[in-house]
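Chains, contacts and geometry: an overview
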Amino acid sequence: MSEIIILKNSCKGIEDCGICMSVCPKNLFAPSHEMNERGFLPPRVIDEDPCTVCMNCMVSCPDMAIVVAKKKKTKEPK
Ligand code: SF4
Ligand code: SF4
């Protein structure tokens, strides 16, 4: 389980960059529906569940606009 946070306003846009979309082995990024404050179109995550927490997106983003955190398993109530 992972949590993928996109810092939208740090992104330079998928048209000019798009590295995250090309490095994700699970193709979990798609174009966002809204431009950011800088007028660029950031990516959005279509589904966090298949994420393998490989960190490719986070380490490849030149603008450090992606943070991937491993979610801790919550204990099931007894
Ligand atoms: S951590 Fe890996 S699998 Fe998860 S969104 Fe990033 S590139 Fe894709
Ligand atoms: S790699 Fe980073 S800067 Fe490039 S499109 Fe993805 S989030 Fe934006």
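Residues numbered from 1 in each chain as written. Chains lettered and ligands numbered in written order. Predicted model: local features only at pLDDT ≥ 70, side-chain atom pairs only at ≥ 80, totals over all residues. Heavy atoms only, no water.

This part takes up the overall build of the chain. Per the secondary structure count, the chain includes 2 helices and 4 strands. For the chain, the proportion of its 78 residues judged to be buried stands at 31%. In the chain, the share of contacts with a sequence separation of at least 24, taken over all contacts with a separation of at least 6, comes to 63%. Total accessible area on the chain stands at roughly 5,500 Å², and carbon and sulfur atoms take up 54% of it. With 11 positive and 10 negative side-chain charges, the chain shows a spacing of 11 Å between the two charge centroids. (Helix = DSSP H or I, 4+ residues; strand = E, 2+ residues; numbered from the N terminus. Buried < 20%, exposed > 50% of the residue type's maximum accessible area, 1.4 Å probe, protein only. Contact = heavy atoms within 4.5 Å. Areas by Shrake-Rupley, 256 points an atom, 1.4 Å probe, with all protein chains shown as cover. Lys, Arg positive; Asp, Glu negative; His and termini not counted. Charge placed at Lys NZ, Arg CZ, Asp CG, Glu CD.)

As a matter of local geometry, ligand 1 sits amid Ile4, Cys24, Pro25, Phe29, Cys51, Thr52, Val53, Cys54, Met55, Asn56 and Cys57. A class-by-class count of the residues in the shell around ligand 1 yields 9 nonpolar, 2 polar and no charged. (Near = heavy atom within 4 Å. Nonpolar A, V, L, I, M, F, W, Y, C, P; charged D, E, K, R; others polar.)

With that settled, the discussion passes to unusual backbone geometry. At Asn27, a residue that is not glycine, the phi angle is positive and equals roughly 50°. Along the polypeptide, Asn27 turns up in the loop between helix H1 (19-23) and strand S2 (29-31). Given the relative accessible area of 53%, Asn27 is considered exposed.

Now for the site of ligand 2. The environment of ligand 2 is made up of Cys11, Lys12, Gly13, Cys17, Gly18, Ile19, Cys20, Pro43, Cys61, Pro62 and Ile66. Here the residues of the shell around ligand 2 are counted per class, giving 8 nonpolar, 2 polar and 1 charged.

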